[in-house]
Amino acid sequence: MGPSCPNRRRHSLRVVTATLFGLCVLSVAVAQTNDPLLPGVIYVCSGERMFIENCNIRDTSDNATCMVGHPDHVLANGIMQYTYVTKGALKKLFPTCTQPSAKQAAAAQAFQKRQQDTYNANAQKANDQLNAIQQQQAQSGGGYGQPAPPKNAEERAMRRCVSSGRLPATCTGNSLLGAFGQMLSQVLPGANKEPTPGPDMAGVFEGPGHWRLDFIDGGVLVNCSFLSPNQEAYSLDFKGGHAVLTINTRPRPLVLTLHGTETITGPPGPVTIDGVVAGGYTPGSSSPGHTETSQTTTHEIVDKSQTGNYGQSQLTYQGNNQYDAATTHTSSTYVAGASTPGYTNFVPKRATCPAINLSSKGAGTGIQTMQTDLLKTAFGGEKGPPTPPGIRMHGIFAASTGFSVQFFPESAILGCGPDAARAYPYTVEPGATGVAIKIAAPDHPLALTIKPDGSLDPGDTNPYQVHGRIVTGQDNNDNFTFAPLEQSCNLATLTPSKTIPSSGGGATTMLASAGNPTASAGNPAATPSNSGGALSSSAAPLGNATLSIVSGLPPQPDVPNPLAGHPYTLLRNSVADILAKQGIAVPQGSNPYKVLGIACGNHTPDCQKILDAVKANAASAIRADANGSGTFPGVSPGTYYLMISARYNNQALVWDHPIQLKPGPNTLSLDQRNATPIN
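Residues numbered from 1 in each chain as written. Predicted model: local features only at pLDDT ≥ 70, side-chain atom pairs only at ≥ 80, totals over all residues. Heavy atoms only, no water.

Undergrad: Please clarify how unusual backbone geometry should be interpreted in this entry.
TA: Here the bond from Arg250 into Pro251 is cis, since omega is 10°, no more than 30 degrees from zero. Positive phi, close to 60°, is recorded for His210, a residue that is not glycine. One can find His210 in the loop between strand 6 (204–207) and strand 7 (211–216). Take His210: its relative accessible area is 61%, and that puts it in the exposed class. Phi angles above zero are rare outside glycine, and Asn321 is one such case at about 60°. (Helix = DSSP H or I, 4+ residues; strand = E, 2+ residues; numbered from the N terminus. Buried < 20%, exposed > 50% of the residue type's maximum accessible area, 1.4 Å probe, protein only.)

See below:
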């Protein structure tokens, strides 16, 4: 290992651990401003150095736990030991220890203030973006209107992320991680360089001989035997139906094979690794703050009756019973001192480690997961599904048609144009014929093949309907509510991109899954004829296009299916059009279903008027079985409108979208994704 390696190792691990644990400090600094336990300063207790990393911000009692660092105790993985101690215990312990100097305390307070100011700015920016999402429908003037245009690219990205179905806390965390990445790039130029979109690795793999691979953004932390984790670069290649992982260790690279998502193996026999071990600790340094004083003098012309408000030295007679009154103002500004945190020094060390046979089963949590989970919980959100270990994808891939795929560790967002987007889980599966990315969209699974030039081939050029959504508000539990934003884009080869397409696609009707696989998914059929207002029945069907409805709402323990026994109606026109033809207006901010509910709830004449018009417009009607399933008798192919409602999780939902029926059997699953909430 060359002489520069220890320094590189020190910087890389310090960046990872400082980012991870520094985020905790940012989120708790304000809560601890008046706490006698000051984070970040060293206490020496019985000869051992200790410092508070952070404390629980939600619990201000002495029972709250604090994360305490022990820089004199470095674990085998190269990271210092941390323990959890209650505030009450620390309040008893620290007064018996050697106290930090006033200079050190002032520097720590100044450092925390700078960090907190940076955090507040980034958190406010992320919260402003979420608030803009909540206000967009009010700005557009109605629950059924189009959302107001985003104010900037960041707001559009946040809106798209939340509407896609990813957790709001995850979206906010990604936004903040981007901001922290920008800060990091200012400190270490090039450290936050965006990698080219493509495959990478995720998760932790462990094995005998203290082997551990912890994959992080931009590399992998490698350690075995007594070595500390050392960040290394790696590459992925796909040969013979397997993924080959090459890690740039010394004296020779590790060439490993990934089997499925759980196992990594290497060549037989021991492996020699040039790594690093902890070799001491360099304490931090600080400089005290100081106060700067400045004076300014203002002048005012006053008459003799006003001179009593000033001292004799302030007044200069100007003649004609007028005086110049001079007032001197003194202001003081505190200039914070500088503080540099301490760090562990690492020295080169060679180790002989056993043959590599690693598994992700039972492996500990990686630094990457700890970092992202920390940001999610900092905003009071759920952690969400864990990132699967093994091969993942990152970055944006876009087609000239406006279709795009944006990969995250836990999901892939399918998009059409700039706003319609939906997130689904995915897998990356090497095979004899190439590498397939399988995106699990329930109604239209998508398989992409990674081509040698790095592009993604969908193997199709037909239209693909993206079940996008727009935010309409929040329910009583502060969860976002959505309305559908259906868009259709033609599939085409996807190439790496830095941005989401700014245009492409068009509004479309909901497509039921047609029984005829050769039927086109393109232009919607014309509105069917009224057939004289007849209602299709099993005994007298009006056509050969049938529609089977199934419930896709997740089951709840000891609760019947929310759609069980509900009436399902297939209309030739939308409810909004039916009301308009009856001369019944829908007030701004309301919707047709609210108008119908209020009319019938108040027993007004409009209630029966609307119901009669709906009956006359209906093409077919059925009642669901106990599972929420039912099949409409045949109708003519074309575009129809659903009229279905239910209550799920204390939220009223309606399915009232246009739906295109093709000749033969069609199917549709009803769930929260394609429902419109009624508040």
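We are not done yet, so read on.
Undergrad: Help me out: how do you make sense of the sheet that holds strand 29 (residues 456–457) in this one?
TA: Backbone hydrogen bonds hold the strands of a sheet together, and the pairing may be parallel or antiparallel. On the basis of which strands lie adjacent, the open sheet formed by four strands has the order 26-27-28-29 and antiparallel pairing. The open sheet has two edge strands with one neighbour each: strand 26 (426–431) and strand 29. With four bridges connecting them, strand 27 (residues 434–439) and strand 28 (residues 446–450) associate as antiparallel partners. Across the sheet, the residue bridging to Lys438 is Ala447, located in strand 28. (Pairing = 2+ DSSP bridges.)

Undergrad: What is the right way to look at the sheet that holds strand 16 (residues 290–303) in this model?
TA: One open sheet accounts for three strands, arranged 16-18-17; its pairing is antiparallel. Both edges of this open sheet fall to strand 16 and strand 17 (315–319), since each of them pairs with a single strand only. Neighbouring strand axes in the sheet, compared pairwise and without regard to direction, differ in orientation by 25° on average. (Axes fitted to C-alpha atoms, helices over the stretch in contact; angles between N-to-C directions.)

Undergrad: Teacher, can you tell me more about the side chain of Arg160 here?
TA: Within the fold, Arg160 resides in helix 4 (residues 153–164). Despite its burial, Arg160 pairs with no opposite charge, the nearest such side chain being Asp419 at 6.4 Å. (Lys, Arg positive; Asp, Glu negative; His and termini not counted. Salt bridge = Lys/Arg side-chain N within 4 Å of Asp/Glu carboxyl O.)

Undergrad: Help me understand the state of the cysteines in this model?
TA: Cysteine pairs can be covalently joined through their sulfur atoms, and such a bond is termed a disulfide. The full count for this structure, using the stated rule, is three disulfides. Disulfide pairing is shown between Cys224 and Cys353; the S-S distance is 1.9 Å. Taking the sign of the S-S torsion, about 55° here, the bridge from Cys224 to Cys353 comes out right-handed. Highlighted residues: Cys224 in the loop between strand 8 (219–223) and strand 9 (230–232) and Cys353 in strand 20 (residues 343–353), separated in sequence by 129 residues. Shown here is the disulfide that connects Cys416 with Cys489, its sulfur atoms set 2.0 Å apart. The disulfide joining Cys416 to Cys489 has a torsion of about 85° about its S-S bond and is therefore right-handed. Here Cys489 lies in strand 31 (residues 480–490) and Cys416 lies in strand 24 (residues 412–416), a separation of 73 residues in the sequence. Neither residue differs from the other here; Cys416 and Cys489 are each classed as buried. (Disulfide = S-S within 2.5 Å.)

Undergrad: Please explain empty space enclosed by the protein as it appears in this structure.
TA: Picture a little ball the size of a water molecule; that probe, rolled over the atoms, points out where space is still empty. Scanning all chains against the criterion turns up three cavities of 30 Å³ or more. Here the largest cavity is characterised by a volume of approximately 50 Å³. Considering the residues around the largest cavity, the lining is formed by Val222, Leu227, Ser228, Asn230, Glu232, Thr249, Ile273, Asp274 and Gly275. At the level of elements, strand 9 and strand 14 (271–282) are the ones that each hand at least two residues to the lining of the largest cavity. When residues of the lining of the largest cavity are assigned to their parent elements, the largest contribution, three residues, is made by strand 14. Across the lining of the largest cavity, the residue classes tally to three nonpolar, four polar and two charged. (1 Å grid on protein atoms, 1.4 Å probe; cavity = no way out; pocket = protein on both sides within 12 Å on 5 of 7 lines; lining within 4 Å. Points joined across faces, edges and corners; volume = space filled by probe spheres on them. Nonpolar A, V, L, I, M, F, W, Y, C, P; charged D, E, K, R; others polar.)

Undergrad: How do you make sense of helix 4 when you look at a structure like this?
TA: In an α-helix there are 3.6 residues to a turn, and that puts residues three or four apart on one side. Over its twelve residues, helix 4 runs 16 Å from end to end, which matches the ideal 16 Å to within 8%, given 1.5 Å per residue. Along helix 4, the residues classified as buried are Glu155, Met158, Arg159, Arg160, Cys161, Val162, Ser163 and Ser164. Immediately downstream of helix 4, the backbone of Gly165 shows phi near 110°, a positive value. (Expected span 1.5 Å × (residues − 1).)

Undergrad: I'm lost on the packing of aromatic side chains in this one. Help?
TA: The relation between two aromatic rings is expressed through the spacing of the ring centres and the mutual angle of the planes. Taken as a whole and assessed by the stated rule, the structure comprises seven aromatic pairs. Geometrically, the ring pair formed by Phe215 and Tyr234 is edge-to-face, given 5.3 Å between the ring centres and 80° between the ring planes. With Phe215 in strand 7 and Tyr234 in strand 10 (residues 234–239), this residue pair connects regions lying 19 residues apart in the sequence. For the residue pair Phe215 and Tyr234, the accessibility class agrees, reading buried in each case. Ring centres of Phe397 and Phe407 lie 5.9 Å apart, and the angle between their planes is 80°; on these two criteria the pair is classed as edge-to-face. On the criterion of sequence distance, the pair formed by Phe397 in strand 22 (residues 390–398) and Phe407 in strand 23 (residues 403–407) is long-range, its members being ten residues apart. When its relative accessible area of 0% is taken as the criterion, Phe397 is described as buried. On the basis of relative accessible area, Phe407 is assigned to the buried category, the value being 4%. (Phe/Tyr/Trp six-rings, centres within 6.5 Å; stacked < 30°, edge-to-face > 60°.)

Any link to function would need more than the numbers given here.
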